[in-house]
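Here is what each chain is made of, one letter per residue.
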Amino acid sequence: MKIAPFLTSLVVAVWVIAIAIISVQNATPVSLKFLTFQSIQIPMGLVLAFSAGIGLIGMALLQPLWGLASFGQRNSRLEDDAEFFVDEDF
């Protein structure tokens with residue numbers, strides 16, 4: 001049995017429960033402002049839920065890109081190590 005997927009699911013479940021509890025407790029409407037733009041009045045809990053969801057989706061989409069970048073760096077690092085451990089006695 002692999003424990004990593006279970007722990008990942010457990011962490012996500014705890015975050016979802018925490019956001020649900022905070023959403024119920026913070027039902028006051030807020031308006032978001034960015035530069036000159038202003039949103040409609042929406043509940044603070046809904047803002048938190050959307051922010052967490054966008055963060056989870058964004059990280060899920062960016063992780064494969066980080067894997068590709070580290071793969072290229074890993075290959076160049078192995079080539080550097082191979083040059084460092086050259087036996088010059090022969």
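One can find the structure itself at the top, above this paragraph.
Report on the accompanying structure. (Residues numbered from 1 in each chain as written. Predicted model: local features only at pLDDT ≥ 70, side-chain atom pairs only at ≥ 80, totals over all residues. Heavy atoms only, no water.)

A word on the overall build of the protein. Across its full length, the protein holds two helices and four strands. Within the protein, the fraction of its 90 residues that count as buried is 4%. Here the protein displays about 8,100 Å² of accessible surface, and carbon together with sulfur accounts for 72% of that area. (Helix = DSSP H or I, 4+ residues; strand = E, 2+ residues; numbered from the N terminus. Buried < 20%, exposed > 50% of the residue type's maximum accessible area, 1.4 Å probe, protein only. Areas by Shrake-Rupley, 256 points an atom, 1.4 Å probe, with all protein chains shown as cover.)

Quick look at a nonpolar patch on the surface now. A cluster of nonpolar side chains, namely Ile3, Phe6, Leu7, Leu10 and Val14, defines an oily patch on the protein surface of about 480 Å² accessible area. Among the structural elements, Phe6 can be located in helix 1 (residues 4-25). Overall, the relative accessible area of 49% leaves Phe6 in the partly exposed class. (Patch = residues over 30% accessible without salt bridge, like charges linked within 9 Å, V, L, I, M, F, W, Y side chains within 5 Å. Salt bridge = Lys/Arg side-chain N within 4 Å of Asp/Glu carboxyl O.)

This paragraph deals with the environment of Val12. Among the secondary structure elements, Val12 is positioned in helix 1. For the pair Val12 and Leu56, spaced 44 residues apart in sequence, the C-alpha separation works out to 9.0 Å.

As a further point, take unusual backbone geometry. Even without being glycine, Leu35 reaches a positive phi, approximately 55°. Among the secondary structure elements, Leu35 is positioned in the loop between strand 2 (33-34) and strand 3 (37-38). With relative accessibility at 73%, the residue Leu35 sits in the exposed group.

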